[in-house]
Amino acid sequence: MTQAEITGTVPGARSMISMKRVNKHFGDLHVLRDIDLEIATGQVVVMLGPSGSGKSTLCRTINRLEPVDEGTIAIDGVPVPAEGRALARLRSDVGMVFQSFNLFAHKTVLDNVMLAPVKVRRIDKTKAKERALALLDRVGIREQAEKYPAQLSGGQQQRVAIARSLAMDPKVMLFDEPTSALDPEMVNEVLDVMVNLAKEGMTMIVVTHEMGFARKAADRVIFMADGSILEDTDPETFFTAPSSDRAKDFLAKILGH
């Protein structure tokens, strides 16, 4: 597979996310170093690397939850604005699922999923409810619609969070270690939903330590260390023949347990 095929820069492939010369500092710490990244529509990109490598920061810069010091970011050809209503509009096209579920505790599962489409997209409540129930069905928890988040397991809450993001009909989904706060037996129920999303053609960036998911669902693996992208290749190549010593060391530690 050529690098052009891996990155989606083949003729006719539309770039959904474009990052050019992106730099980010936290004080004296240079957390993103000259990031150049193109992700095609429909690609599933898994970001791997040791803690502190910059993976989550990169993920959060895409919808400007973290502002950048230098460089440009565009989503579906539109530069990400610095602030204001234009930024809010662009963010509504980008679903994000975090480690913590960030659900509204005082609202039912159904209301959590309906809220943004009604308030932001101005969708009719009846239509929003139909869509919310369909999405809860899609992630396997329709029967929990009238419960409150505290009544659900962690895995169920994370699936609600995914449904809530999908309710905005996003162009791209960002997952920042979505299973790291879950008990081991709950991890697969969330990963299964993500695998199905990948199969349906959703553009996804996934920061994770779940190597099985990377092998199964990713079109592309990006390995980061010290704020830089060291490897950008297909899963088979990354797991069987990594080119950098940092990646080899990382895989030896991860896969050796």
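An unreviewed UniProt entry annotates the protein as ABC-type polar-amino-acid transporter originating from Rhodococcus xishaensis. Regarding the protein, the relevant UniProt record gives this comment under Catalytic activity (unreviewed entry): "a polar amino acid(out) + ATP + H2O = a polar amino acid(in) + ADP + phosphate + H(+)". Taken from UniProt, the Subcellular location (unreviewed entry) comment for the protein reads in full: "Cell membrane".

*Asks:* Any chance you could explain the overall build of the protein here in plain terms?
*Replies:* Secondary structure summary: the protein contains 10 helices and 10 strands in total. Relative to the globule expectation of 18 Å for 257 residues, the C-alpha radius of gyration of the protein, 18 Å, shows essentially globular dimensions. Dimensions along the principal axes, computed over C-alpha positions, put the protein at roughly 50 × 45 × 40 Å. For the protein, the residues scored as buried account for 52% of the 257 residues in total. Relative to all contacts within the protein whose residues are 6 or more apart in sequence, the contacts with residues 24 or more apart total 67%. When the accessible area of the protein is evaluated, it comes to approximately 12200 Å², of which 49% is carbon and sulfur surface. Side-chain charges of the protein comprise 32 positive and 34 negative groups, with the mean position of each set lying 7 Å from the other.

*Asks:* Would you mind showing me how to read the packing of helix H4 (residues 109–119) against helix H6 (residues 154–166) here?
*Replies:* Relative to each other, H4 and H6 sit at 25 degrees, their axes nearing to 8 Å. One element, H4, and the other, H6, form an angle in the roughly parallel class. Read as a crossing pair, H4 and H6 show a hand that is right-handed. Judged by residue contacts, Val109, Asn112 and Val113 of H4 engage Val160, Ala163 and Arg164 from H6. For the contact of H4 with H6, a count of residues per class yields 4 nonpolar, 1 polar and 1 charged.

*Asks:* How do you make sense of the packing of H4 against helix H5 (residues 125–138) when you look at a structure like this?
*Replies:* Packed helices, taken two at a time, are described by their axes: the angle between them and the distance between them. One can describe the packing of H4 onto H5 by two numbers: an axis separation of 9 Å at closest approach and a directional angle of 125 degrees. Taken as axis vectors, H4 and H5 run oblique relative to one another. The two elements H4 and H5 cross, and the hand of that crossing is right-handed. The segment H4 lies against H5, with Val109, Leu110, Val113, Met114 and Val118 engaging Lys125, Ala128, Lys129, Ala132, Leu133 and Leu136. The residue makeup of the contact of H4 with H5, split by class, is 9 nonpolar, no polar and 2 charged.

*Asks:* Is there a simple way to think about the side chain of Thr203 in this case?
*Replies:* Summarising the element assignment, Thr203 is placed in strand S8 (residues 203–207). Judged by its relative accessible area of 1%, Thr203 is buried. Once residues lying within four places of it in the same chain are set aside, the contact partners of Thr203 are Met16, Ile39, Ala40, Thr41, Gly42, Gln43, Lys171, Val172 and Met173.

*Asks:* Looking at this structure, how should I read the UniProt feature "domain: ABC transporter" (unreviewed entry) in the protein?
*Replies:* When the UniProt feature table is mapped onto this chain numbering, "domain: ABC transporter" (unreviewed entry) sits at residues 17–251. A helix fraction of 38% and a strand fraction of 26% characterise residues 17–251, whose end C-alpha atoms lie 27 Å from each other.

*Asks:* Would you mind showing me how to read the packing of aromatic side chains here?
*Replies:* Two descriptors summarise a pair of aromatic rings, namely the distance from one centre to the other and the angle between the planes of the rings. If you walk through the whole model with that rule in mind, you get 3 aromatic pairs. Relative to Phe239, the ring of Phe238 lies with its centre 5.3 Å away and its plane at 80 degrees, an arrangement referred to as edge-to-face. Given the relative accessible area of 0%, Phe238 is considered buried. You can call Phe239 buried: its relative accessible area is 8%. Through pairs of rings, three or more aromatic residues link up here, namely Phe223, Phe238, Phe239 and Phe250.

The rules behind each value
Residues numbered from 1 in each chain as written. Predicted model: local features only at pLDDT ≥ 70, side-chain atom pairs only at ≥ 80, totals over all residues. Heavy atoms only, no water. UniProt positions renumbered as here; feature names shortened; annotations may be inferred. Helix = DSSP H or I, 4+ residues; strand = E, 2+ residues; numbered from the N terminus. Rg over C-alpha atoms; globule rule 2.2 N^0.38 Å. Buried < 20%, exposed > 50% of the residue type's maximum accessible area, 1.4 Å probe, protein only. Contact = heavy atoms within 4.5 Å. Areas by Shrake-Rupley, 256 points an atom, 1.4 Å probe, with all protein chains shown as cover. Lys, Arg positive; Asp, Glu negative; His and termini not counted. Charge placed at Lys NZ, Arg CZ, Asp CG, Glu CD. Axes fitted to C-alpha atoms, helices over the stretch in contact; angles between N-to-C directions. Parallel < 35°, antiparallel > 145°, perpendicular 65-115°, else oblique. Left-handed = near helix turned anticlockwise from the far one by under 90°. Nonpolar A, V, L, I, M, F, W, Y, C, P; charged D, E, K, R; others polar. Phe/Tyr/Trp six-rings, centres within 6.5 Å; stacked < 30°, edge-to-face > 60°.

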